[in-house]
Amino acid sequence: KKICELAMDNGIDDGIWVDLQGVRSTKGLSAEPLCQLAVSDITALKRAAEVQRRVEALEAANAALKAEISKRKAVEKALRESKEHQSNMLVKALAMQEKLRNLSHQFLHAQEEERRRISLDLHDKVAQTLVAINLHLASLARDATANNSQMSGKILETQDLVEQSVENVHRFARDLRPTVLDDLGLIPALRASIEDFSRETKISANLTAPGDLPPLGNDPAVAFFRVAEAALSNVAQHAEATEVSLTLRQTDQQLQMEIRDNGKAFDIEDGNSGRKPNRLGLVGMRERVEMVGGRFNIASAPGKGTTIRVELPLAKAGPPVPPDEDCS
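Every value quoted in this text rests on a predicted model; they were computed, and no experiment measured them. (Residues numbered from 1 in each chain as written. Predicted model: local features only at pLDDT ≥ 70, side-chain atom pairs only at ≥ 80, totals over all residues. Heavy atoms only, no water.)

Colleague: What exactly am I supposed to notice about helix H4 (residues 186-201) here?
Modeller: End to end, H4 covers 22 Å across 16 residues, agreeing with the expected 22 Å (1.5 Å per residue, within 8%). All of the buried residues in H4 are Leu 186, Ile 187, Ala 189, Leu 190, Ser 193, Ile 194 and Phe 197. Take H4 and look down its axis: the buried residues cluster within an arc of 160°, on one side only. Buried positions along H4 lie against helix H3 (179-183), strand S4 (204-210), helix H5 (218-239) and strand S5 (243-250). One or two steps after H4, the chain reaches Lys 202, where phi turns positive at roughly 65°. (Helix = DSSP H or I, 4+ residues; strand = E, 2+ residues; numbered from the N terminus. Expected span 1.5 Å × (residues − 1). Buried < 20%, exposed > 50% of the residue type's maximum accessible area, 1.4 Å probe, protein only. Arc of directions from axis to C-beta. Contact = heavy atoms within 4.5 Å.)

Colleague: Teacher, can you tell me more about the packing of aromatic side chains here?
Modeller: Centre distance and the angle of the planes are the two values used to describe a pair of aromatic rings. By the definition in use, this model includes zero aromatic pairs. Directly above the aromatic system of Trp 17 lies the positively charged group of Lys 46, at a separation of 4.6 Å from the ring centroid. (Phe/Tyr/Trp six-rings, centres within 6.5 Å; stacked < 30°, edge-to-face > 60°. Lys NZ or Arg CZ within 6 Å of the ring centre and 35° of its normal.)

Colleague: Help me out: how do you make sense of unusual backbone geometry in this one?
Modeller: The phi torsion of most residues other than glycine is negative, and most of the peptide bonds are trans. Backbone geometry places Lys 202, a non-glycine residue, at a positive phi of 65°. Backbone geometry places Glu 240, a non-glycine residue, at a positive phi of 55°. Examined against the element boundaries, Glu 240 turns out to sit in the loop between H5 and S5.

Colleague: How should I be thinking about the sheet that holds strand S2 (residues 16-25) in this particular structure?
Modeller: In a beta sheet, neighbouring strands pair by backbone hydrogen bonds and run either parallel or antiparallel. Across the sheet, three strands lie side by side as S1-S2-S3; this open sheet has antiparallel pairing. Both outer strands of the open sheet, strand S1 (2-8) and strand S3 (34-41), are each paired with one neighbouring strand and no more. In this sheet, neighbouring strand axes are inclined to one another by 25° on average, regardless of whether the strands run parallel or antiparallel. Bridging between S1 and S2 involves seven bridges; their strand directions are antiparallel. Note that in S2 the partner of Ile 3 across the bridge is Gln 21. (Pairing = 2+ DSSP bridges. Axes fitted to C-alpha atoms, helices over the stretch in contact; angles between N-to-C directions.)

Colleague: What is the right way to read the pairing of S5 from this model?
Modeller: Side chains on a regular strand alternate between the two faces of the sheet. Burial analysis of S5 places six of its eight residues in the buried class, which makes it a mostly covered element. Between the parallel elements S4 and S5, the chain passes through H5 in a crossover that is left-handed. Both S5 and strand S6 (residues 254-261) contribute to a ladder of seven bridges, which runs antiparallel. Bridged to Val 244 within S6 is Asp 261. (Right-handed = clockwise from strand over helix to strand, strands pointing away.)

Colleague: What should I look at first to understand a nonpolar patch on the surface in this one?
Modeller: Side chains of Met 96, Leu 100 and Leu 103 sit close together on the surface and give an oily, nonpolar patch of about 310 Å² of accessible area. Take Met 96: it is sitting in helix H1 (residues 43-145). (Patch = residues over 30% accessible without salt bridge, like charges linked within 9 Å, V, L, I, M, F, W, Y side chains within 5 Å. Areas by Shrake-Rupley, 256 points an atom, 1.4 Å probe, with all protein chains shown as cover. Salt bridge = Lys/Arg side-chain N within 4 Å of Asp/Glu carboxyl O.)

Colleague: Quick question: what am I supposed to make of the packing of H4 against H5 here?
Modeller: Between two packed helices, what matters for the description is the angle formed by their axes and the separation of those axes. At their nearest, the axes of H4 and H5 sit 10 Å apart, and the two run at 10° to each other. Judged by the inter-axis angle, H4 sits roughly parallel to H5. Across from Leu 186, Ala 189, Leu 190, Ser 193, Ile 194, Phe 197 and Thr 201 in H4, the residues of H5 making contact are Ala 221, Phe 224, Phe 225, Ala 228, Leu 232, Val 235 and Ala 236. Class assignment of the residues belonging to the contact of H4 with H5 gives a composition of 12 nonpolar, two polar and no charged. (Parallel < 35°, antiparallel > 145°, perpendicular 65-115°, else oblique. Nonpolar A, V, L, I, M, F, W, Y, C, P; charged D, E, K, R; others polar.)

Colleague: Would you mind showing me how to read the pattern of salt bridges here?
Modeller: Oppositely charged side chains can pair when the atoms bearing their charge come close. Tallied over the entire structure, the rule returns 10 salt bridges. Between Glu 5 and Lys 46 there is a salt bridge; the shortest N-O distance is 2.9 Å. In this pair, Glu 5 sits in strand S1 while Lys 46 sits in helix H1, placing the two residues 41 residues apart along the sequence. The class of Glu 5 is partly exposed, set by a relative accessible area of 42%. On the basis of relative accessible area, Lys 46 is assigned to the partly exposed category, the value being 29%. With its nearest N and O atoms 3.0 Å apart, the salt bridge here joins Arg 260 to Glu 258. On the accessibility criterion, Glu 258 (10% relative accessible area) is buried. Among the charged side chains, a salt-bridge network with shared partners connects Glu 50, Arg 53 and Arg 54.

Colleague: Just checking my understanding: could you explain the side chain of Thr 306 for this structure?
Modeller: By the element assignment, Thr 306 lies in strand S8 (residues 305-313). In this structure the side chain of Thr 306 is engaged in a polar contact, spanning 2.9 Å, whose partner is the side chain of Ser 300. (Polar contact = N/O pair within 3.5 Å; in protein donor to acceptor, adjacent residues only side chain to side chain.)

Colleague: I keep staring at the nonpolar core and nothing clicks. Help me out?
Modeller: Side chains that are nonpolar tend, in soluble globular proteins, to be buried together. Judged by nonpolar contacts, the single largest core of 41 residues is most densely connected at Leu 186, Val 227, Leu 248, Met 257, Ile 259 and Ile 308. The leading source of residues in this core is H5, at 10 residues. Beyond its immediate sequence surroundings of up to four residues, Leu 186 is in contact with Leu 181, Leu 213, Leu 216, Ala 221, Phe 224, Phe 225 and Leu 248. (Core = buried A, V, L, I, M, F, W, Y, C linked by side-chain atoms within 4.5 Å.)

Colleague: Help me understand the pairing of S2 in this model?
Modeller: Of the pairings in the sheet, the one linking S2 to S3 comprises eight bridges and is antiparallel in character. Within S3, the residue paired with Leu 20 across the bridge is Val 39.

Structural data, given as structure tokens:
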């Protein structure tokens, strides 16, 4: 018995499928062999099987698609959670940065107030006490002149020591908190600082400033003065400069200060050069300026020296003051 399936073209549609079953048979011993063939139309069965195969393939594809969708949703969820975590970490980092900035500002403010207090104590208490001692020694010197010349000499020596002490105390008080800044304002304080710097370092220094400034308030004036003070200190210690210029400019919207020297340049990022300014000093300058709402910038290049710029917005600044003073 032989069985086979064949696809046949009927010339009408997609053809038909047939099932062929053939059996060999004989009728009697002398009869010739015969072949009995049964033909069955199985087109419907074949098409149903094809439909079933396609349905199963579609179900498998749908299952794979669902698995892929589920996987992608899990990945998207993980990415979303990671993004939210990073966002939360960024918010926390920014909050911590703000806290550190506020802490730094509070520290600088407390430091300045402590300097003011110590300066006043030195000036009002220690210096006045030393002056009183000196007056008493002068009185003793007059009384001892007629009796003992040796005693008079010792008293005079003591007077010299006390005078030196008074001068040292005054200098120490000026370094802590120059009274001229509180009494006369920013420009006279900068002028005095420039003059002291030039006298002590023998470096040519000049100040160019407007004839007057609008009221700045205590904190901005202190910030400008301390930046100038720190910049001059860096020049004296590291720059090997021969000239320094400090310029103040007032516009309708800003007060600007520029400190320029012709000394050695340095790498602002890491300081790996012959000139290594105090890194904490640079940070302190920036913090002081930002604390009062200003902007701090520093540039340094070989052959051009170093330039520090400070800009402070003036909310209610008047028109620029035209005349400039040039103090060398």
